[in-house]
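# Geometric and topological summary
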Amino acid sequence: MGRIRKFRRGVLRGDGVAGMLGVGALHRHRHVRRQGPVQARPGAGPLTLEIVHTDTDDPMDREINDAIDALLARMTVEEKLGQLTLEVGRWTDVGPRVEERGEEDIRAGRVGALYGVYGAEYTRALQRVAVEETRLGIPLLFSHDILHGFRTTFPMPLAQAASWDPAAVERAARIAAIESSAHGLHWTFAPMVDIARDPRWGRIVEGAGEDPFLGSVMAAAQVRGFQGDDLAAPDTVAATAKHFVAYGAAEGGRDYNTVDLSERTLREVYLPPVRAAVEAGVAAVMPAFNEIAGVPMHAHAGLIEGVLRRAWGWDGVVVSDYTGVMELMRHGVAATPADAGMLALRAGVDIDIVSDIYLGLADEVRAGRLEAAVVDRAVRRLLRLKHDLGLFDDPYRYSDAEREAASTLTPEHRAAARDLARRSIVLLKNDGVLPLPKGIRRLAVIGPLADDRRVTLGSWTGAGRVDHTRSVLEAIRDAAGPGTEVVATAGLPDAVADDTAGIPDAVALAASADAVVLVIGEPESLSAEAASRASIDLPGRQLDLARAVLDTGTPTVAVLVNGRPLAVPWLAEHAPAILETWYLGIEHGAAVADVLFGDHDPAGRLPVTFPRALGQVPLHYAHRNTGRPPAEEERYTSKYLDVHWTPLFPFGHGLSYTTFAYRDLALSARTMAPDGSLEVAVTVANTGDRAGDEVVQLYVRDDIASVTRPVRELRGFRRVRLEPGASERVTFTLGRRDVEMLDADLRPVVEPGSFTVFVGGSSRATLEASFAVVAG
Ligand code: BGC
């Protein structure tokens with residue numbers, strides 16, 4: 001890893017003479033020190049204000065910091081606060097533009113960064129105003145939410161996680177960076193690394209699901225994809241790990257709601273993916289809208305300055321979540337905008353979106369109510385990011401009209417989107433209906449989402465366009481052979497209406513066909529931000545439609561299009577086959593057709609548990625055992641009277657058109673030292689007659705410990721491709737991190753004793769072996 005950075009009380013140097021150009025010539029990658037386990041206590045009391053300033057042994061690094069300090073010394077308070085202000089653009093007939101006063105604000109040095117404004121020529125023109133018409137010529141940062149592709153829309157992040165394929169996920173982020181950077185963007189507000197265990201919460205679709213291990217792998221993959229290994233390269237963008245932290249733990253699954261959770265859960269479940277992003281060198285972090293136990297995250301000095309920066313040694317930029325600073329007043333911890341601004345700045349929120357509150361803090365600084373050093377440390381971080389992106393060297397390097405035209409929505413990018421879309425589809429059930437025979441005579445495509453292009457893109461569509469995507473119906477028509485007649489009806493007026501008028505036509509069509517593809521689920525408006533649901537059933541009258549169609553007896557494949565686990569027990573019991581297709585992006589239709597007709601074998605696996613009923617939530621595989629684990633015949637055990645305690649589909653579940661068998665699980669040793677390692681090997685064989693991918697999953701349980709441990713935790717996985725009859729020996733290496741836990745005082749420890757490993761094709765894996773951790 002990179003150089004070790006030590007933190008000390010900052011010395012604010014204001015006497016440097018190096019100018020802007022001196023800064024620009026010195027490119028350095030952003031490195032982050034890899035450290036031992038988190039030591040700081042999040043939320044533990046107010047922290048004394050300490051100016052965090054990077055000290056380094058690296059002369060080049062020191063030179064950059066000196067040059068930044070020299071620039072800082074030339075800035076007025078207003079110019080500094082301008083650097084800490086991020087203005088939001090708007091959509092117009094000619095594309096994204098700044099607000100009416102935007103250009104004037106840039107000229108006056110009131111803006112350091114812009115959001116949602118892109119286009120090579122336009123960003124170049126705005127950058128010119130910043131560089132040539134402001135007193136100090138500091139370049140602007142252009143930011144946007146690019147979560148799953150820019151123009152080439154990839155699957156939503158939850159779907160990407162279902163691929164269990166970090167290389168493909170990294171590639172998707174890489175392509176998003178190539179396309180967006182060519183449009184003048186420098187900075188994405190992604191990846192979303194929130195763990196989500198409550199399917200009511202609409203934002204579950206933006207992250208990698210319920211598991212900290214899978215979430216960490218996906219977080220790091222995306223950071224690598226966006227940032228590459230050189231932030232200053234013209235085709236990489238700065239990434240933002242969001243939302244810091246525990247946003248997914250909102251009470252009742254209601255977006256923006258209060259969070260109150262134990263410090264253990266915070267550290268075991270919610271912090272690890274952020275940590276993984278930090279270790280991957282993420283440039284920025286965005287605090288969440290929620291509070292944790294009384295402290296709103298935009299004011300949480302203990303977690304931002306304490307954990308992120310001091311304990312983890314991370315020195316990037318913290319960007320507010322939209323109106324998060326302003327909302328400190330609604331939270332009731334600040335009476336005025338100035339109070340809110342000072343609270344957030346002191347907590348370590350460096351740049352404020354939307355509200356312009358920081359811009360109004362000059363009087364507070366002059367009156368001594370806000371420490372000038374607090375402002376300076378934030379400005380330093382922003383300037384450092386601009387430096388690391390290479391903007392002082394060449395502020396126009398990302399705004400490249402030629403590259404914009406040549407590298408957007410290329411056939412290669414589309415192919416990658418199709419590949420990942422296919423990999424993200426999960427075959428939940430199949431009694432043999434799938435794949436559909438190529439020569440099928442009459443195929444009915446039914447359902448309110450069957451011919452819906454918009455739904456395929458999901459939310460946070462970047463610069464994605466509906467005219468670049470295909471609906472499932474369109475793609476099926478394209479893919480069906482000449483002998484197949486494809487007939488279609490929506491069956492319902494729309495997916496959410498309480499109206500069954502179209503069902504008789506759908507039934508007639510289904511009865512006349514040899515097979516039915518029933519495309520149902522959630523319109524994209526029911527998913528993502530501000531889209532929590534108090535029910536996770538199929539919305540509207542879609543279940544009635546499904547019952548009526550299935551009653552015809554025509555072999556039916558249910559194709560689910562949705563952004564959260566749905567409770568669909570009736571469908572799971574009665575539909576002969578179910579495909580979970582999420583929102584797959586511009587190649588959604590094509591990918592579904594590929595899988596339906598067997599041109600691609602589905603191998604996605606669930607990154608989140610599907611409950612039978614909402615009443616089971618939260619339901620996740622890595623639960624504790626309890627003193628009374630559920631037992632069928634014993635009433636006084638932990639279960640429900642009206643619903644079985646098990647999930648409808650467990651975490652890690654997914655079928656294939658072929659079958660796999662596991663054998664010869666072997667450990668390299670029976671014991672492991674706390675800092676040692678151990679190899680786990682297993683043979684996986686394709687026992688069917690088609691080629692296919694299997695996702696080999698490794699889980700670990702700490703059998704007896706000083707505090708209770710989850711019944712099993714994912715510690716490794718590998719997606720492997722196997723020809724029929726072929727087998728592969730898959731090996732995992734376990735190390736300290738895989739057996740470490742937090743003791744009763746929340747200190748990271750490895751306790752000697754017995755551990756069990758489980759290997760197989762889901763969190764229900766049954767092949768097991770034991771080893772012991774032995775001290776010394
Ligand atoms: C969302 C963030 C997003 C920001 C800027 C907020 O409402 O919570 O995830 O990055 O808007 O669009």
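Residues numbered from 1 in each chain as written. Predicted model: local features only at pLDDT ≥ 70, side-chain atom pairs only at ≥ 80, totals over all residues. Heavy atoms only, no water.

When you go through the protein chain residue by residue, the secondary structure sums to 23 helices and 30 strands. Relative to a compact globule of 776 residues, whose C-alpha radius of gyration would be 28 Å, the protein chain shows 27 Å and is just as compact. Expressed along its principal axes, the backbone C-alpha trace of the protein chain runs to roughly 80 × 65 × 50 Å. (Helix = DSSP H or I, 4+ residues; strand = E, 2+ residues; numbered from the N terminus. Rg over C-alpha atoms; globule rule 2.2 N^0.38 Å.)

This part covers the packing of helix α8 (residues 212–227) against helix α9 (residues 263–279). How two helices pack is summed up by the angle between their axes together with the distance between the axes. The N-to-C vectors of α8 and α9 enclose an angle of 20°; their axes lie 8 Å apart at closest approach. Classified by the angle between their axes, α8 and α9 sit roughly parallel to one another. As α8 packs across α9, the resulting crossing turns out to be right-handed. Judged by residue contacts, P212, G215, S216, A219, A220 and V223 of α8 engage E268, V269, P272, P273, A276 and A277 from α9. Partitioned by chemical class, the residues of the contact of α8 with α9 number nine nonpolar, two polar and one charged. (Axes fitted to C-alpha atoms, helices over the stretch in contact; angles between N-to-C directions. Parallel < 35°, antiparallel > 145°, perpendicular 65-115°, else oblique. Left-handed = near helix turned anticlockwise from the far one by under 90°. Contact = heavy atoms within 4.5 Å. Nonpolar A, V, L, I, M, F, W, Y, C, P; charged D, E, K, R; others polar.)

Our focus in this paragraph is helix α5 (residues 120–133). Helix length check: α5, at 14 residues, gives a terminal C-alpha distance of 19 Å against a target of 20 Å (1.5 Å per residue), a fit within 8%. Lining the buried residues of α5 we find β5 (95–97), α4 (102–107), β6 (113–115), β7 (141–144), α7 (166–182) and α15 (401–406). (Expected span 1.5 Å × (residues − 1).)

Let us look at the pairing of strand β18 (residues 515–521). Consecutive side chains of a regular strand alternate in pointing toward one face of the sheet and then the other. The buried fraction of β18 is high, at seven of seven residues. What you see with β18 is no split at all: A515, V517, V519 and G521 on one side and V516, L518 and I520 on the other are buried throughout. Pairing of strand β16 (residues 442–446) with β18 involves four bridges; the strand directions are parallel. Counted as the bridge partner of I446 is L518 from β18. Pairing of β18 with strand β19 (residues 556–561) involves six bridges; the strand directions are parallel. Considered in β19, the bridge of V517 is made with V557. For the crossover from β18 across helix α20 (residues 542–551) to β19, the handedness is right-handed. (Buried < 20%, exposed > 50% of the residue type's maximum accessible area, 1.4 Å probe, protein only. Pairing = 2+ DSSP bridges. Right-handed = clockwise from strand over helix to strand, strands pointing away.)

All right, on to the sheet that holds strand β13 (residues 317–318) then. Read across the sheet, three strands follow the order β9-β10-β13 without closing on themselves; strand pairing throughout is parallel. The sheet is open, and its two borders are formed by β9 (240–244) and β13, each paired with just one other strand. Here two bridges tie strand β10 (residues 284–287) to β13, and the two strands are oriented parallel to one another. Bridging from a neighbouring strand, A284 pairs with V317 of β13.

All right, on to the site of the ligand then. As a structural note, the neighbourhood of the ligand is formed by Y115, D145, F189, R203, K242, H243, M286, F289, D321, Y322, W460 and E529. Side-chain polar atom of Y115 to an oxygen atom of the ligand: 3.0 Å apart, as the coordinates give it. One of the side-chain N or O atoms of K242 is found 2.9 Å from an oxygen atom in the ligand. Bound to the protein, the ligand loses 95% of the 310 Å² it would expose on its own. Considering only residue class, the shell around the ligand consists of six nonpolar, one polar and five charged. (Near = heavy atom within 4 Å. Polar contact = N/O pair within 3.5 Å; in protein donor to acceptor, adjacent residues only side chain to side chain. Areas by Shrake-Rupley, 256 points an atom, 1.4 Å probe, with all protein chains shown as cover.)

A word on the nonpolar core. Residues W187 and L571 are the most contacted members of the largest nonpolar core, which totals 188 residues. With near-sequence residues (within four places) excluded, L571 lies in contact with I520, A546, L550, A558, L560 and I578. Ranked by size, the runner-up nonpolar core spans 25 residues in total, among them V680, V684, V720 and L722. (Core = buried A, V, L, I, M, F, W, Y, C linked by side-chain atoms within 4.5 Å.)

Locating D321 in the fold gives a position in the loop between β13 and α11 (327–331). One buried charged residue, D321, forms no salt bridge at all, with the nearest opposite charge on R203 at 4.5 Å. Contact partners of D321, with chain neighbours within four places excluded, come to H243, M286, P287, F289 and H298. (Lys, Arg positive; Asp, Glu negative; His and termini not counted. Salt bridge = Lys/Arg side-chain N within 4 Å of Asp/Glu carboxyl O.)

Our focus in this paragraph is the packing of helix α19 (residues 503–511) against α20. Relative to each other, α19 and α20 sit at 30°, their axes nearing to 9 Å. Looking at the two axes, α19 sits roughly parallel to α20. Along this stretch, α19 crosses α20, giving a crossing that reads as right-handed. Contacts between α19 and α20 involve I503, A506, V507 and A510 from the former and D544, L545, A548 and V549 from the latter. Looking at the contact of α19 with α20 residue by residue, the class counts come to seven nonpolar, no polar and one charged.

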